[in-house]
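# Fold and contact review
Each chain, letter by letter, is given below.
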Amino acid sequence: MLIDALRDDFVFGSKGVKFMPYTTYLVEKGASHSFVAEAKPPTVTMPRIKALMTGSLPGFIDVVRNLNSPALLEDNVITQAKAAGKRMIFYGDETWVKLFPQHFVEYDGTTSFFVSDYTEVDDNVTRHLDKVLKRGDWDVLILHYLGLDHIGHISGPSSPLIGHKLSEMDNILMKIHTSLLSEERENLSPNLLVLCGDHGMSETGSHGASSMEEVNTPLILISSAFERKPGDIRHPKHVQQTDLAATLAIGLGLPIPENSVGSLLFPSIEGRPVREQLRFLHLNAVQLSKLLQENVPSYKKEPGFEQFKMAERLHGNWIRLYLEENTSEVLFNLGTKVRRQYLDALRTLSLSLSRQVAQYDIYSMLVGTVMVLEVLTLLLLSIPQALSSKAELEVPLWSPVFSLLFYLMFLVLSALHVIVCTSAESSCYFCGLSWLMAGGVMVLISALLCAVVSALAKMFASGKLLSKNPAHPNSRWSELDVVILLGTMGHVLSLGASSFIEEEHQTWYFLVNTLCLALCHEIYRNCFLGDDCEPWRCSHGERGFVNTAPALQDGSIGHDELEPHRASKSPASLNTLRGWEKWMAMASPWVILTCCRLLRSLNQTGVQWAHRPDLGHWLTSSDHKAELSVLAALSLIMIFALVQRRCSLTSKVAMALGLLGVYCYRAAIGNVLFPWQRDSKDISKGLIEARFVHVFVLGILFTGTKDLLKSQVIAADFTIKTVGLWEIYSGLVLLAALLFRPHNLPVLVFSLLIQTIMTKFIWKPLRHDAAEITVMHYWFGQAFFYFQGNSNNIATVDISAGFVGLDTYVEVPAVFLTAFATFAGPVLWASHLVSFLSSETSSGSALSHACFCYALICSFPVSAYIILVTSLRYHLFIWSVFSPKLLYEGMHILITAAICVFFTAMDQANTKS
């Protein structure tokens, strides 16, 4: 009986005593053995099932495979049981059915991802119990209950629903146990009932990372074969979750899975005769020693292997004494010594294998790393060309294909591929590809390398190095350029430390605050120095991305090509602003700093201080629902006020009704209250209200897309395109308001407020170029990712957002909504970047510059990270820290790149450039 997301304190703590009395009785006084089983990250369902059944440590890629689990080909207890003729029945999470197809004689799978349902998903399992417990045509029955996990995702571990669900599970356990006891009285053979969890849940109700609440799960073995004397107090021992596979295999008389790193739970066999105990321990030790020999070349020097050989020799001596029918105290003492030696060997072997058994496909990893580095190098070499007035990025691949270097590289790579694939002892993904696919990859690597060499040769031949612009000797780097350059490089370097990754939000908060101070310095210098700093201000319009764009051949740079502001060609100045606007411009950096400081108090994130109380926890407590309701209402009003100013009348009406629907949805599911509502007893799933909002989101997006298409027909009408882009942005804001939890709505308000302030009082008056504006949007987008309460921890992903408005699990919309809710900060800032640059210049070059800079600034951390993860693959925190960060970076690039490509394509189609 597997209860999804069952934390150890739900059974062994105060909640267990209160809500699971029968289970508590079995733990304290019944015929049982209790353990706290530690689950290794990633703590999501599919990898944990694999660990329970195979005894091995799943890879981090299983986080992605968890969405659509493939059949498990690795040796496991289920496959061994089927081969032995065991009849198995399964009810519950359909992940089991996908992992073990055609293994069960009867099954009924339930959808695991529809987290809004925590009642029917368990009822569909329990409804089979009465019939199946009366039948005697099965050997193994597996039940996987999902309701507790779904409640955690919806409302967290402190929800009153948790207690009701634990009581329900306790009653089901009692029904199963009493049925098994009555059957034993007839058949006189003991059964085994296993109660366990696959993972726990964090204090926010999610899971996936490595906090104590997520990795510690209860494991209880219940059987009348376990004798227990009155007064025998057994405290739960800490074991590894992988130990269950070896224990079940021994108990069922099956071979231990060959890749299992777990050791037998000795309390389960301590009631057996000494001869059987030693035989079981020897079987487990032989299996682990064979696995050690396969994975460690110098296995003979391993302490665990030496202990195993010593135990084997002592075991041989004990058998000789036993066969001589020696029942003296010498035999007993020797048996005790052999048992202790085996247990020590198992513990050492298991620990050693857990550290070293991970098999990495180095060849495939190196091929991928080389391709990424070649593309990054081409991006760096293309900076002058991409940021020139024409905004062109042309990578010639055909000419290198016909060069001698290309053919030599292709032959070398082909020979290397043949040598590696024919000599590889373990499986390799790249070697498993067809020769046509592998040849295509080698052609691409060779062509990219030749293109890099060609670009370098042209650069050195023409003397155009990535340096300060030689055509403008008076131009120099401003303080803002230095901040951007040092901040970007500093962030990339910080990714080499696990602590900086865990607390990356602190890095972005620091960078955003520093950026605000640099902008403050620039504004004050512009206001108070006036014409004395004219050369500095004039150079502003001549810079590209930190002064890397060279001048054109004629020495002139058109204003529309590099400057986002098209209304005036005068130097950057605040003199055009009226009195109060000038004072607002001077105060704007401090207003932004204040907003950022308030947002930091809303959600504690990271690892070190995530447990500390914050404003979000205070607002979401049941005692402050009225305050949360007022805050949510005011936030929705502010969102409308900040967004509607550039929308058409139709979109304004749709936005107002949509935001009203957002509040109604949150009231329907019990998060907030209406003024006339005293409590939230009438809680529903809010399907009608959520779908009501979805209709308006789609309507606003459709209106914006229609305007964009219309602007292609009427090329001269610049206003239609501007309104269309803003309406698409407004539709995304409305969707974010629907998916955000009520206490996070101020994050959306402050995001819009900061964008408005910077647009009116910083970017337009100071006329920053497209590259600088792009970097600022990127930095603020990253900061708002963490202001939402996210981290580089998978447990902070709010899965419940993927089911807003859905009454069943539909994979594509669920994945899209979850991804959008998680990356709403970067997505909205990237969308605002496109809308702002399109509205402030009629040329397509500004957007081309922006998209190139965005791709470049996203590529730096990912490229560095791929090298880092490859080199640190044996690091202690490779699975819990480095791998989740790489997954987040990949998803962030995919989402923001898709938005930039779509909007740029629309803009380029409009300008015919």
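See the structure above.
Since we're looking at a predicted model, the values are computed, not measured.

### Observations concerning the state of the cysteines
The term disulfide refers to a covalent linkage connecting the sulfur atoms of a pair of cysteines. Using the criterion set out here, one finds one disulfide in the structure. One disulfide in the model links Cys421 with Cys431; its S-S distance is 2.1 Å. In this structure the cystine formed by Cys421 and Cys431 twists about its S-S bond by roughly -85°; its chirality is therefore left-handed. Placement of Cys421 in helix 20 (residues 404-423) and of Cys431 in the loop between helix 20 and helix 21 (435-462) is noted, with a sequence separation of ten residues between them. Residue Cys421 is classed as partly exposed on the basis of its relative accessible area of 22%. Classification of Cys431 by relative accessible area gives partly exposed; the value is 21%. There is no disulfide at Cys596, and the cysteine sulfur nearest it, in Cys516, is 5.5 Å away. By relative accessible area, Cys596 is classed as buried at 2%.

### A word on the environment of Glu312
Positionally, Glu312 belongs in helix 15 (residues 303-323). Given a relative accessible area of 27%, Glu312 falls into the partly exposed group. Distance in space between the C-alpha atoms of Glu312 and Val286 is 9.5 Å, their sequence separation being 26 residues. Discounting residues that sit within four places of it in the chain, Glu312 has contacts with His282, Val286 and Tyr342. For Glu312, the side chain forms a polar contact with the side chain of His282, separated by 3.0 Å.

### A look at a nonpolar patch on the surface
Taken together, the side chains of Leu649, Val653, Leu657, Leu660 and Phe692 define a hydrophobic patch exposed on the protein surface, amounting to about 480 Å² of accessible area. The biggest single contributor to the nonpolar patch is helix 30 (residues 649-668), with four residues. Counting through the fold element by element, Leu649 comes out in helix 30. Residue class for Leu649 comes out exposed when judged on its relative accessible area of 67%.

### A word on the packing of helix 22 (residues 479-494) against helix 37 (residues 845-871)
Two elements in contact, helix 22 and helix 37, have axes separated by 9 Å at closest approach and are oriented at 25°. On the basis of their axis angle, the class for helix 22 and helix 37 is roughly parallel. In terms of crossing hand, the pair formed by helix 22 and helix 37 is right-handed. In this structure, helix 22 contributes Thr488, His491 and Val492 to the contact, and helix 37 contributes Ile857, Phe860, Pro861 and Ala864. Among the residues making up the contact of helix 22 with helix 37, the classes are represented as five nonpolar, two polar and no charged.

### A short note on the pattern of salt bridges
Applying the stated criterion to the full structure yields 19 salt bridges. The partner of Asp130 in a salt bridge is Lys175, with the nearest N and O atoms 3.3 Å apart. You can see Asp130 sitting in helix 9 (residues 129-134) and its partner Lys175 sitting in helix 11 (residues 160-187), a full 45 residues away along the chain. Residue Asp130 is classed as partly exposed on the basis of its relative accessible area of 43%. Across the salt bridge formed by Arg525 and Glu479, the nearest N and O atoms sit 3.2 Å from each other. In this pair, Arg525 sits in helix 24 (residues 504-529) while Glu479 sits in helix 22, placing the two residues 46 residues apart along the sequence. Classification of Arg525 by relative accessible area gives buried; the value is 18%. Shared partners join several salt bridges into a network, and the residues in it are Arg7, Asp9 and Glu203.

### A few points about helix 36 (residues 824-840)
In a regular helix each residue adds 1.5 Å, so 17 residues correspond to 24 Å; helix 36 covers 24 Å between its end C-alpha atoms and thus fits that length. Most of helix 36 is tucked away, with 17 of its 17 residues classed as buried.

### Thoughts on unusual backbone geometry
What you tend to see is this: most non-glycine residues have negative phi, and most peptide bonds are trans. Cis peptide bonds are those with omega within 30 degrees of zero, and the linkage from Pro41 to Pro42 qualifies with 5°. Counting through the fold element by element, Pro42 comes out in the loop between strand 2 (32-38) and helix 4 (45-54). Despite not being glycine, Ala5 shows a phi value in the positive range, around 65°. In this fold, Ala5 is placed in the loop between strand 1 (2-3) and helix 1 (8-12). Residue classification places Ala5 among the buried positions, given a relative accessible area of 0%.

### Structural notes on the packing of aromatic side chains
Going through the model one piece at a time under the given rule, you end up with 27 aromatic pairs. Ring geometry for Trp96 against Phe100: centres 5.9 Å apart, planes inclined by 40°, an arrangement best described as tilted. Its relative accessible area of 2% is what places Trp96 among the buried residues. When the ring of Trp508 is compared with that of Tyr778, the centres are 5.9 Å apart and the planes differ by 75°; the resulting orientation is edge-to-face. On the criterion of sequence distance, the pair formed by Trp508 in helix 24 and Tyr778 in helix 34 (residues 770-787) is long-range, its members being 270 residues apart. Here the aromatic residues Tyr509, Phe780, Phe784, Phe787 and Trp829 are joined through ring pairs into a cluster of three or more.

### Quick notes on the nonpolar core
Ile592, Ile639, Leu734, Ile754, Met758, Trp779 and Phe780 are the most contacted members of the largest nonpolar core, which has 102 residues in total. With residues up to four places along the chain from it excluded, the contact list for Met758 reads Leu519, Ile592, Trp763, Lys764, Met776 and Phe780. Core analysis: the next-biggest nonpolar cluster, separate from the first, contains 62 residues, Val239, Leu264, Leu278 and Leu331 among them.

### Things to note about the pairing of strand 7 (residues 216-222)
Among the seven residues in strand 7, seven count as buried, and that is most of the element. Burial along strand 7 is two-sided: the face carrying Asn216, Pro218, Ile220 and Ile222 and the face carrying Thr217, Leu219 and Leu221 are both buried. As judged from the seven bridges shared by strand 2 and strand 7, these two strands associate in the antiparallel manner. Considered in strand 7, the bridge of His33 is made with Leu221. Bridging between strand 6 (residues 193-196) and strand 7 involves four bridges; their strand directions are antiparallel. Residue pairing for strand 7: Leu193 is matched across the bridge by Ile222.

Criteria and cut-off values
- Residues numbered from 1 in each chain as written.
- Predicted model: local features only at pLDDT ≥ 70, side-chain atom pairs only at ≥ 80, totals over all residues.
- Heavy atoms only, no water.
- Disulfide = S-S within 2.5 Å.
- Helix = DSSP H or I, 4+ residues; strand = E, 2+ residues; numbered from the N terminus.
- Buried < 20%, exposed > 50% of the residue type's maximum accessible area, 1.4 Å probe, protein only.
- Contact = heavy atoms within 4.5 Å.
- Polar contact = N/O pair within 3.5 Å; in protein donor to acceptor, adjacent residues only side chain to side chain.
- Patch = residues over 30% accessible without salt bridge, like charges linked within 9 Å, V, L, I, M, F, W, Y side chains within 5 Å.
- Areas by Shrake-Rupley, 256 points an atom, 1.4 Å probe, with all protein chains shown as cover.
- Salt bridge = Lys/Arg side-chain N within 4 Å of Asp/Glu carboxyl O.
- Axes fitted to C-alpha atoms, helices over the stretch in contact; angles between N-to-C directions.
- Parallel < 35°, antiparallel > 145°, perpendicular 65-115°, else oblique.
- Left-handed = near helix turned anticlockwise from the far one by under 90°.
- Nonpolar A, V, L, I, M, F, W, Y, C, P; charged D, E, K, R; others polar.
- Expected span 1.5 Å × (residues − 1).
- Phe/Tyr/Trp six-rings, centres within 6.5 Å; stacked < 30°, edge-to-face > 60°.
- Core = buried A, V, L, I, M, F, W, Y, C linked by side-chain atoms within 4.5 Å.
- Pairing = 2+ DSSP bridges.

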